[in-house]
Amino acid sequence: MKGLELIRKVFALEEVERVPWVPFVGVHGGYLTGIDAESYLNSSEAIIQGVSKAVEEYQPDGIPVVFDLQVEAEILGCFLQWAPHNPPAVVSHPLSEGTTLEDLKIPTENDGRIPLILEATRTLRKKYPETALYGLITGPFTLALHLLGTDIFIKLYEDPDEVNNVMEFCKNVGIKMAELLMDAGCDIIAVVDPMTSQIDPLSFETFVTPFASQIFDFIREKKKLSSFFVCGHAQQNIEAMCNCNPDNVSIDENIPLDYVKNIALKKGISFGGNMKLTVVLLMGNEDDVREEALNCLDLGGKKGFILAPGCDLPMETPPENIKAVTDLVNDPYKQDVVRTLEKQDSVLEVFNMKDYGQADKVIVDIITLDSESCAPCQYMVEAVKRVAPQFEGVVEWREHAIKKMEAVTFMSSLMVKNIPTICIDGKIEFVSKIPPRGELIAAIQKRINQKLKLRIKSKRSEILILGEKEECRELKSVINRAVTELGKDLKINYISDPNQMATFGITKGPAVVTINYKLKSEGTVPSLDVVKEWIKEL
């Protein structure tokens, strides 16, 4: 059975002999053809070549033409920041910077990058008539957030009429984009609305359902299929998504697949997902990928389920990992083999973080997929960046993008389960929720108040490592790990000169000397007895 026919059966909730496979190839298509993300997303020829290569290599049942949630925003006046390995990020918000809603116009087939996307769609439709083509549009709430910025979360309560007006406009943009993509040959329109993960079910039903439902109704009138994509910790909104009446909902690893299955099938809706993007597809090996794919296949079953990654593939995902999924999906024997093998024990090492947060500064850690490619992650990082200057010299913030293994280790060590998440001095504070400015400031200030003022004002301590470079290598590794696990802000210096080592009474390395600069008094003259006690500590 060909891919398009198979997916139509799944969307109709018919039992199938084989679960369809839809790899969400976005800028990964550029990786397959050797060009960067910006060049790829600005060329119809490059998109055609990238998707064609993916179809030939991965034998998908369906595939998106383009995975870029900034196309509409760019046309409507949002500035983009381009990156070589990810889709662009929105870095300005016209409706919060002086532009009015009346100034904005519904995009046409001649605006922005729409012409090259339509050209690529028409070419791929002719080239692969039996493969389901997914046309992706930016969901109305995510597009509204691009236009308004994070002020939208305050306006939900303070000015709901303005939000509804913006949502009405964004709905009309979505309908127009869906129409253009369907006319060009797309079989399935995916409404991708990741920012809905940031709101509660009541807000979803109030501000998203009326507008998303109209987009799905329009697609159905055109006798095409639809899917509602969401990423992040959106479990609370799965039922509300289904109530918008799409043909399919698709989720990422933040939400249990069996949870979505139970709700979707009761609502008469197909579902898709939710292979782990980074830990497995990007950084795992072929055995890891097979085990993950089989787990999804067994959970999803053969009624109403489409196997897919949790979101668009990271650009540098190893092609052999994607091919391993293709082989498994198409070979029941290989599935049985993997089923009988013992599950591999996790070899992920974790840090001992029980004492994390000992640095003089308050450390704000943001665990993300990657703020350059994930909209909720981007806005989470921006929320921290906006308030950080208020705590200059006292607060330090860091992003840990789990496209790198060290960030995955850090995430596991802090016992973070969902992304994006904000931790303050190692304590989980905001899970998959962009905090309002006031809440974030209050949480940081609370932690500052918990730390002794004298410690915050003290000069940073030092560790000296003494000895030749080679003999100190293991010692350096141990000290770096200890500093990481404690979250301390220490200066580490290296001394290999024998004469300098001798001043510390050291003749042979490796050796360690700790120097602690501790503020003992300020603005007063201590008594003799007090000073004697200080000296006894030395």
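Please read all numbers here as calculations on a predicted model, not as lab measurements.

## A word on the sheet that holds strand 14 (residues 462-466)
Pairing in this open sheet of 3 strands is mixed, and the strands run 15-14-16 from one edge to the other. The two strands at the open ends of the sheet, each matched to only one other strand, are strand 15 (491-495) and strand 16 (511-515). With strand direction ignored, the average angle separating the axes of adjacent strands in the sheet is 20°. Here strand 14 pairs with strand 15 via 5 bridges, running parallel. Looking at strand 15, one finds that I465 is bridged to Y494.

## So, helix 18 (residues 375-387)
With 13 residues, helix 18 extends 19 Å between its outermost C-alpha atoms, agreeing within 8% with the 18 Å of an ideal straight helix rising 1.5 Å per residue. Counting buried residues along helix 18, 11 of its 13 residues qualify, which places the element largely inside the surrounding structure. Considered for burial, the residues of helix 18 that qualify are A375, P376, C377, Q378, Y379, M380, V381, E382, A383, V384 and V387.

## Describing the side chain of D370
With respect to the element layout, D370 can be found in the loop between strand 10 (362-368) and helix 18. Side-chain polar atoms of D370 contact the side chain of N86, separated by 3.3 Å. Those residues in contact with D370 that lie beyond four places of it in its chain are N86, C377, E399, A401 and K403.

## Looking at the environment of T99
As for its placement among the helices and strands, T99 is situated in the loop between strand 3 (89-90) and helix 6 (114-127). For the pair T99 and A502, spaced 403 residues apart in sequence, the C-alpha to C-alpha distance is 68 Å.

## Considering the sheet that holds strand 1 (residues 62-64)
The strands making up a sheet are joined through hydrogen bonds of the backbone, oriented either antiparallel or parallel. Read from one edge of the open sheet, 7 strands run 1-4-5-6-7-8-9, paired in parallel fashion. A single partner strand is all that each edge strand has here, and the edge strands are strand 1 and strand 9 (305-309). Looking at each pair of strands side by side, their axes are set apart by 25° on average, direction ignored. Sheet topology places strand 7 (residues 248-250) next to strand 8 (residues 270-275); 3 bridges connect them, and they run parallel. Along strand 8, the bridge assignment pairs N248 with S270. Each of strand 8 and strand 9 is contacted by helix 15 (residues 286-300), which is oriented at about 160° to strand 8, the strand it contacts most.

## Remarks on the environment of E470
Within the fold, E470 resides in the loop between strand 14 and helix 22 (473-486). On the basis of relative accessibility, which here comes to 56%, the residue E470 falls in the exposed class. Put simply, E470 and P510 are 40 residues apart on the chain and 9.3 Å apart in space, counted from C-alpha to C-alpha.

## A look at the packing of aromatic side chains
A complete count under the given rule lists 8 aromatic pairs for this structure. On the basis of an interplanar angle of 55° and a centroid distance of 6.2 Å, the ring pair of F24 and F67 is categorised as tilted. Residue F24 is found in the loop between helix 1 (3-11) and helix 2 (28-33), and its partner F67 is found in the loop between strand 1 and helix 5 (71-75); the two are separated by 43 residues along the sequence. Judged by its relative accessible area of 3%, F24 falls in the buried class. Residue F67 is classed as buried on the basis of its relative accessible area, which comes to 4%. Between F204 and F228, the ring centres sit 6.3 Å apart and the planes meet at 45°, which makes this aromatic pair tilted. Of this pair, F204 sits in helix 10 (residues 201-207) while F228 is found in strand 6 (residues 225-229), placing the two residues 24 residues apart along the sequence. Both residues of the pair, F204 and F228, count as buried. Among the aromatic residues, those joined into a cluster by ring pairs are F24, F67 and F229.

## Here we look at the packing of helix 15 against helix 17 (residues 332-340)
For any two helices packed against each other, one specifies the inter-axial angle together with the distance between the axes. Packing of helix 15 against helix 17 brings their axes to within 10 Å, and their N-to-C directions diverge by 105°. Looking at the two axes, helix 15 sits roughly perpendicular to helix 17. Across from R290, E291, L294, L297 and D298 in helix 15, the residues of helix 17 making contact are Q335, V338 and R339. Across the contact of helix 15 with helix 17, the residue classes break down as 3 nonpolar, 1 polar and 4 charged.

## Section: the pattern of salt bridges
Note that side chains of opposite charge can pair when their charged atoms are close. Summed over all chains, the structure comprises 24 salt bridges. Between R18 and D61 there is a salt bridge, with its nearest N and O atoms 2.8 Å apart. Here R18 is found in the loop between helix 1 and helix 2, whereas its partner D61 is found in the loop between helix 4 (44-58) and strand 1, with 43 residues between them in sequence. The class of D61 is buried, set by a relative accessible area of 5%. E57 serves as the salt-bridge partner of K53, at 3.6 Å between the closest nitrogen and oxygen. On the criterion of helical spacing, the pair formed by K53 and E57 is a turn pair, its members being 4 residues apart in helix 4. The class of E57 is partly exposed, set by a relative accessible area of 25%.

Criteria and cut-off values
Residues numbered from 1 in each chain as written. Predicted model: local features only at pLDDT ≥ 70, side-chain atom pairs only at ≥ 80, totals over all residues. Heavy atoms only, no water. Pairing = 2+ DSSP bridges. Helix = DSSP H or I, 4+ residues; strand = E, 2+ residues; numbered from the N terminus. Axes fitted to C-alpha atoms, helices over the stretch in contact; angles between N-to-C directions. Expected span 1.5 Å × (residues − 1). Buried < 20%, exposed > 50% of the residue type's maximum accessible area, 1.4 Å probe, protein only. Polar contact = N/O pair within 3.5 Å; in protein donor to acceptor, adjacent residues only side chain to side chain. Contact = heavy atoms within 4.5 Å. Phe/Tyr/Trp six-rings, centres within 6.5 Å; stacked < 30°, edge-to-face > 60°. Parallel < 35°, antiparallel > 145°, perpendicular 65-115°, else oblique. Nonpolar A, V, L, I, M, F, W, Y, C, P; charged D, E, K, R; others polar. Salt bridge = Lys/Arg side-chain N within 4 Å of Asp/Glu carboxyl O.

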